[in-house]
Every structure is written in C-alpha cells, then in structure tokens.
Amino acid sequence: MLRSCKQEGKCCCRQCCDKPATDIAGLLKSKNEECLKQGTTRQCVILVDYGSSWRDHRRFALMTLRNFGLGKQSMEERIYGELSYVIAELDQSVGKSMSPQTMFHNAASNIICTVLFGARYEYNDEALKIFIKLYTENAKITNGPWAMVYDTFPMVRSWPLPFQRAFENAAIAQKMSMDLINHHKKTRIPGQPRDFIDCYLDEMDKRGEDGSTFVEPQLMMYILDLHFAGTDTTSNTLLTAFLYLSTHPDIQEKCYQEIEEVLEDKDQACFEDRHRMPYTQAVVHESQRIANTVPLSVFHCTTKDTELLGYHIPKGTLIVPNLGSAMREEGQWKFPHEFNPSNFLNEQGEFEKPEAFMPFSVGPRVCLGEGLARMELFLIMVTLLRRFKFAWPEDAGDPDFTPVFGVTLTPKPYSMTVTLRRTE
Ligand code: HEM
C-alpha cells in the first residue's frame, strides 16, 4: 500500500485515516483496551469503539472545552498562569544546568487539570507525582514487549509478570479519579459548573438514568483519558523541542529574533501572534514532526468492508496508522531526516504545512485536544525562548536523539543550561 502511495506521490496515512465518513474510525478490542479495562467495566473516548457513546462523549468534551475557553482568551490565561510556575522554576536554574523532564509534565498536567478539576497541583505535591508516574509508566508498558506477551499468550495473563504493573497503576489512577469526583459531588452547586467534572455531573442530572451513557464510571475513565492524553503528549513534544533547540543554537537565535521583532514592547504573546511569526511557527511544527510523539496513533479497525488504493480491506481489520512514517517520508519533506524548520517554509519564507504533517492523526478520530495542544506548544515555546537562552551543557557529551519507545515517544533524560535574556 505504501508503495502505491509513493508511486502516486500521495500520503498513504492521510488517505487512509481521512477516508469518507467513518470507515476506519472503529477500534478493535485490542490489548490496550483489555489492559486498561481491567478493574473497571467502562471505557470512555480514546479506546472506545465507534458508536453513539463515543460520539456523545466526544461532542460533550469538545463543547465543554470550548465553554472553558479553548480558542478564547481564558485558555491563554490558564496557560500563562501555569507558565509563571515554569518560569519560577527556570529562574532558579539560571547559570546552571537543569533537567526539564518533570517540569514539562507537571506544567502540561496542571493546564488540563484546571479544566478538568478546577485546580492545579504544586510541583512537589504527591498526587501530581503519582499521576505522572502512573501515566508515564503505562505509556511505556502498554506498547512494550510485556504487553505483546500478554496479547499473544492469553494463558499468562494472570501470572505475576511485569504487565501486572499496568493494571496496578490503572487501579490507583481510577481510585484517584473517583476521589476527585466524590469531592466534587459534595461541594458542587448544580447548574453552576466550576469545571469539567461539574459539567458532566450536570449532564448526568439532565439526561437521567434511562439508558444514558453518561454515568459515573464513564466520568471516572473520561477524566483519566483526558488527563493522560493531555499530559504525556504535550510534555514529550516540549521535551523534544527543547532538546533540539538547545543543540541547534542558530535555530533558537532566529526564533528569538523573530519573537522580539514581532512582540516589541508587548509583555506576552497571544495565540493569534503565530500568524506574524512564520519562522517560530515552522520551529513549533518541525519540533512536532521530529518528536513524532504518538508514532502509531491509536490502533483503529474498519467498521465495514472498504477499499483503499485498490486494496480490499474487510470489516474488522486492524489498522495501525503509522503517523511516524508519514512525517519522515521521502518525497513529502524537503529534509525528512533532519531538524530543519525549512520543512514548513516556502521560498518566500512563509509558513506552509505539508499534508503529510499529521501528529494529531486525521479523520473522525483526530485528536480531541489538538486546539489546546497547539496553543500550549506555541505559547510555552515563545514565552520561554523570549526570556531564556537554552544550551547543551559543555560537559554533557554528544546528545543522544534516540527516543524511548512507547504509546508516546520520550526523549532520553537530558539537561540544558539556562541563561536569562530578559527579566520582566
Ligand atoms: C502534542 C500533543 C498531542 C498529540 C501529538 C496528540 C496526538 C493524538 C493522536 C495521534 C490521537 C489518536 C487519533 C486517532 O485515533 O486517530 C489522539 C487522540 C486523542 N487525544 Fe490527543 N494529542 C495531543 C494532545 C492532546 C491533549 C492536550 C488532549 C486533551 C484535551 C488530547 C486528547 C485526546 C483524546 C481524548 C483523544 C481520543 C479522540 C477520539 O478517539 O475520539 N490530546 N491524540
């Protein structure tokens, strides 16, 4: 299939995921689903099959995110609120080297937490540390060799092998999610939602109990879906971006110059400013391309017999969207194998997005948090690059760009030195 796509000069992944309607929007009962399903009878959005429950929950989340300010100023304010803590942490590292590993996870987690639970956690809060540990561990286990063993040999599933860790983690996360819901139930005023949980509880009241898919166990899983999806993805993309920026000082400097020129005396950037910053936009996108954060997307399956590039694909076939291959495919990119913002710039230096760019996937199951993630990446990168200069430490040896594989790709732990450019 890849060969016929190449012959036609088209992007195979896009043609596949973007098929009309919902031909491949289904999901098989995969090992991932089985893994995460243990201990609960519900799934919510990410691993749920195509159908009315998925559609209703997806619509509800998009509407609720919009009501809490996505695309409006209030989401920018949430991001800037969290950025002030990131800046405080980096301020303490000025003149030294620091590892950004947990900092970006904490920040991304807190931004989505303010929408979900109406609260953020201090960076040394035990609950935040536990959430992040559970998510990062499970992101590796569920696409790792032990998950393959689990999937291939049903008889070993109850044995005390390392995949049991994923179930233990899921059980702890579910309990934490349920505690948050119970706390909300005690403190909420119906009809006056403070956050996503309150909105969902209001929706449950509205729909009643007659066959509605809006029920508490779904809410518990929904919180975890959104919290995990909104944390490990954005943070690993930022980690990759700063790994490459600290090792490519020329690119970092060009970004800084453009940001300063465009913002002049303005205290901070807004998301709209991206249209006046083609080079920085290109760097943000190039970071996402090279990060290849969710390399195999979420596994789909065909919902009916379908045709793709002349191939017949029967209903129920497992589809693994290889987003990573699209984002490095020769013929689709000027510089497929190097970190080079020119991949997103035309001859006139204007920002241009090739169709093979699909870190959020495409089609009906496209990432639900794309808008939020894009806003976070732009505002965080612009703000930090304007205030600080990041460099690869002289004594750190050669950088290792090989990521650690999992549901998400993670750069190996690294440090960068931090210098202050401006104080206000
Ligand atoms: C750089 C950051 C992000 C990347 C690269 C990313 C990527 C992806 C990808 C590849 C998928 C699978 C789409 C498919 O099945 O075809 C996905 C699904 C999803 N993402 Fe994201 N994501 C990011 C940030 C976020 C954020 C911030 C949220 C939270 C609001 C989020 C929530 C979701 C949800 C709920 C789904 C499941 C959608 C569905 O099946 O209907 N993501 N994401």
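Residues numbered from 1 in each chain as written. Predicted model: local features only at pLDDT ≥ 70, side-chain atom pairs only at ≥ 80, totals over all residues. Heavy atoms only, no water.

1. Regarding the pairing of strand E6 (residues 388-391)
Then step 1. Here E6 shows a clear split, with Phe388 and Phe390 buried on one side and none of Lys389 and Ala391 buried on the other.
Then step 2. Pairing of E6 with strand E7 (residues 416-420) involves four bridges; the strand directions are antiparallel. By the bridge assignment, Phe388 is partnered in E7 with Leu420. (Buried < 20%, exposed > 50% of the residue type's maximum accessible area, 1.4 Å probe, protein only. Helix = DSSP H or I, 4+ residues; strand = E, 2+ residues; numbered from the N terminus. Pairing = 2+ DSSP bridges.)

2. A look at the coordination of the iron atom of the ligand
Then step 1. A lone protein donor binds the iron atom of the ligand: Cys367 (SG), at 2.3 Å.
Then step 2. Checked against the element boundaries, Cys367 lands in the loop between helix H14 (323-326) and helix H15 (370-387). (Donors = N, O, S within 2.8 Å, 3.2 Å for Na, K, Ca; no water.)

3. Structural notes on the packing of helix H11 (residues 216-247) against helix H13 (residues 278-291)
Then step 1. Their axes nearest at 9 Å, the elements H11 and H13 cross at an angle of 110°. With respect to H13, the axis of H11 lies roughly perpendicular. Taking contact as the criterion, the partners of Thr237, Thr240, Ala241, Tyr244 and Leu245 in H11 are, on H13, Val283, Ser287, Gln288, Ile290 and Ala291.
Then step 2. When the residues that make up the contact of H11 with H13 are grouped by side-chain class, the tally is six nonpolar, four polar and no charged. (Axes fitted to C-alpha atoms, helices over the stretch in contact; angles between N-to-C directions. Parallel < 35°, antiparallel > 145°, perpendicular 65-115°, else oblique. Contact = heavy atoms within 4.5 Å. Nonpolar A, V, L, I, M, F, W, Y, C, P; charged D, E, K, R; others polar.)

4. Let's talk about the packing of aromatic side chains
Then step 1. Scanning the entire structure with this criterion turns up 23 aromatic pairs.
Then step 2. Where Phe131 meets Tyr135, the ring centres are 5.8 Å apart and the plane angle is 25°; that geometry is what we call stacked. A residue pair is termed a helical-turn pair when its members lie 3 or 4 positions apart in one helix, as Phe131 and Tyr135 do in helix H7 (residues 126-141) at four residues. Accessibility classification places Phe131 together with Tyr135 in one group, the buried group.
Then step 3. Pairing Phe388 with Phe390 gives two aromatic rings, centres 6.0 Å apart and planes at 55°, and the pair type is tilted.
Then step 4. Taking relative accessible area as the criterion, Phe388 reaches 0% and is therefore assigned buried.
Then step 5. Taken together through their ring pairs, the aromatic side chains of Phe60, Phe196, Tyr200, Phe214 and Tyr222 make up a single cluster.
Then step 6. Lying over the aromatic face of Trp333, Arg289 brings its terminal NZ or CZ to 5.1 Å of the ring centre. (Phe/Tyr/Trp six-rings, centres within 6.5 Å; stacked < 30°, edge-to-face > 60°. Lys NZ or Arg CZ within 6 Å of the ring centre and 35° of its normal.)

5. As for the UniProt feature "binding site: heme" (unreviewed entry) in the chain
Then step 1. According to UniProt, the "binding site: heme" (unreviewed entry) feature falls on Cys367.
Then step 2. Take Cys367: its relative accessible area is 31%, and that puts it in the partly exposed class.
Then step 3. Contact partners of Cys367, with chain neighbours within four places excluded, come to Arg58 and Phe360. (UniProt positions renumbered as here; feature names shortened; annotations may be inferred.)

6. Remarks on the site of the ligand
Then step 1. Lining the immediate surroundings of the ligand are 25 residues, of which Trp54, Arg58, His300, Ser361 and Cys367 lie closest.
Then step 2. Arg58 places a side-chain nitrogen or oxygen 2.7 Å from an oxygen atom of the ligand.
Then step 3. One nitrogen or oxygen atom from the side chain of Ser361 is found 2.7 Å from an oxygen atom belonging to the ligand.
Then step 4. At the level of elements, helix H4 (52-67) and H11 are the ones that each hand at least two residues to the shell around the ligand.
Then step 5. Each residue belonging to the shell around the ligand can be placed in one class, and the counts come to 14 nonpolar, nine polar and two charged. (Near = heavy atom within 4 Å. Polar contact = N/O pair within 3.5 Å; in protein donor to acceptor, adjacent residues only side chain to side chain.)

7. Some thoughts on unusual backbone geometry
Then step 1. A positive phi angle, close to 45°, is found at Asn292, a residue other than glycine.
Then step 2. Considering the arrangement of structural elements, one finds Asn292 in the loop between H13 and strand E2 (300-301).
Then step 3. A relative accessible area of 9% places Asn292 in the buried class.
Then step 4. In the Ramachandran plot, Leu309 falls in the positive-phi region, its phi being about 50° despite a non-glycine side chain.
Then step 5. As for its position among the elements, Leu309 is in the loop between strand E3 (306-308) and strand E4 (311-313).

8. Here we look at the sheet that holds E6
Two pairing modes exist for strands in a sheet, parallel and antiparallel, and in both the strands are linked by backbone hydrogen bonds.
Then step 1. Here three strands make up an open sheet; going across it, the order is E1-E7-E6 and the pairing antiparallel. The two strands at the open ends of the sheet, each matched to only one other strand, are strand E1 (97-98) and E6.
Then step 2. Sheet analysis places E1 next to E7, joined by two bridges and oriented antiparallel. Bridge pairing in E7 links Ser97 to Thr417.
Then step 3. Strands E6 and E7 of the sheet are contacted by H15, whose axis makes an angle of about 90° with E6.

9. Some thoughts on the pattern of salt bridges
Then step 1. The full count for this structure, using the stated rule, is 21 salt bridges.
Then step 2. We note a salt bridge from Lys185 to Glu216, for which the minimum N-O separation is 2.6 Å. With Lys185 in helix H9 (residues 164-187) and Glu216 in helix H11, the pair connects residues that are 31 residues apart, well separated along the chain.
Then step 3. The exposure class assigned to Glu216 is partly exposed, which follows from its relative accessible area of 22%.
Then step 4. In this structure, the salt-bridge partner of Arg188 is Asp202, at a minimum N-O distance of 2.8 Å. Remark: Asp202 occurs in helix H10 (residues 196-207) and Arg188 occurs in the loop between H9 and H10; sequence separation between them is 14 residues. Side by side, Arg188 and Asp202 carry an identical accessibility label, which is buried.
Then step 5. Several salt bridges converge on common partners, so that one network encompasses Asp56, Glu203, Lys206 and Arg207. (Salt bridge = Lys/Arg side-chain N within 4 Å of Asp/Glu carboxyl O.)

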